[in-house]
Amino acid sequence: MTILLAEDDPVTLESLAACLQPEGFRTLLAHDGEQALTLWQKHKPDLLCLDIMMPGIDGYEVCRRVRAADSTVPILFLSAKSEEIDVVVGLRLGADDFVRKPFGKHELIARIGSALRRTQTARTAAVSFQLGPLRVFPAELRAQRDAGSMDLTPREVSILKLLHERAGQVLSRDTMLDVCWGLDYMPESRTLDQHIAKLRKKIERESEEIIETVRGVGYRWRG
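Residues numbered from 1 in each chain as written. Predicted model: local features only at pLDDT ≥ 70, side-chain atom pairs only at ≥ 80, totals over all residues. Heavy atoms only, no water.

Draft legend 1. Representation of the packing of aromatic side chains within the structure. Inspection of every chain in the model, using the stated rule, returns 2 aromatic pairs. Ring centres of Tyr 60 and Phe 77 lie 5.5 Å apart, and the angle between their planes is 80 degrees; this geometry places the pair in the edge-to-face category. Of this pair, Tyr 60 sits in helix α3 (residues 59-69) while Phe 77 sits in strand β4 (residues 75-79), and the two are 17 residues apart along the sequence. Both residues of the pair, Tyr 60 and Phe 77, count as buried. Residues Phe 77 and Phe 98 carry aromatic rings whose centres are separated by 6.3 Å and whose planes lie at 50 degrees to one another, so their mutual orientation is tilted. With Phe 77 in strand β4 and Phe 98 in strand β5 (residues 97-100), this pair connects stretches of sequence that are 21 residues apart. (Phe/Tyr/Trp six-rings, centres within 6.5 Å; stacked < 30°, edge-to-face > 60°. Helix = DSSP H or I, 4+ residues; strand = E, 2+ residues; numbered from the N terminus. Buried < 20%, exposed > 50% of the residue type's maximum accessible area, 1.4 Å probe, protein only.)

Okay, structure coming up:
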């Protein structure tokens, strides 16, 4: 999924990108409102994070113009402005959430995930797939088993989707890295294994193996 970040402070902008990219999000970086609108029109990102106080076209105006053309794309304001009127104006313009600076990485990722789920559930609820007891909803960044639901990162969704699409096949680490990270990605030696371990804690119960380790080769879902 692609997120457009609009922020006039270059240090903050790079920090936001560095926070989101390891979670599997592709980021588009805009240094002002005009550039944000250009990138939005060209790439149609899945979500926008907008600073309010930007030179030229401010975040409010970017939100207003985007909303005039697209009523569904999630929009979050990231701002040091914290007066109630600032929040009210943003929400009335059609923003989905207002995140006050300073904020932590985990809060931002949670707010983004929540906004994506709220806006995409209705149009993509039928697009899902099953891995054993697990039902995965890619566009909502979540999975469900029994009556419980769990949040997933875009990278975790990519891993589960690949395992599902190639059910029964043993997937090498190189194959999984190429598909889920990209051909030009140069990972650390344990990157994939660490992601799989974290994912297993979310989706598997004790003594259960949805994702099977094939020693010396890679991973498999038997299907």
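Draft legend 2. Representation of the side chain of Arg 142. In this fold, Arg 142 is placed in strand β8 (residues 142-145). On the basis of relative accessibility, which here comes to 15%, the residue Arg 142 falls in the buried class. In this view, Arg 142 contacts Arg 117, Arg 135, Val 136, Phe 137, Ser 149, Met 150, Asp 151 and Leu 152; residues no more than four positions away in its chain are not counted. (Contact = heavy atoms within 4.5 Å.)

Draft legend 3. Representation of the state of the cysteines in the model. Summed over the entire model, instances satisfying the criterion amount to 0 disulfides. Here Cys 63 stays unpaired: no disulfide links it, and the sulfur of Cys 49, its closest cysteine neighbor, is 12 Å away. (Disulfide = S-S within 2.5 Å.)

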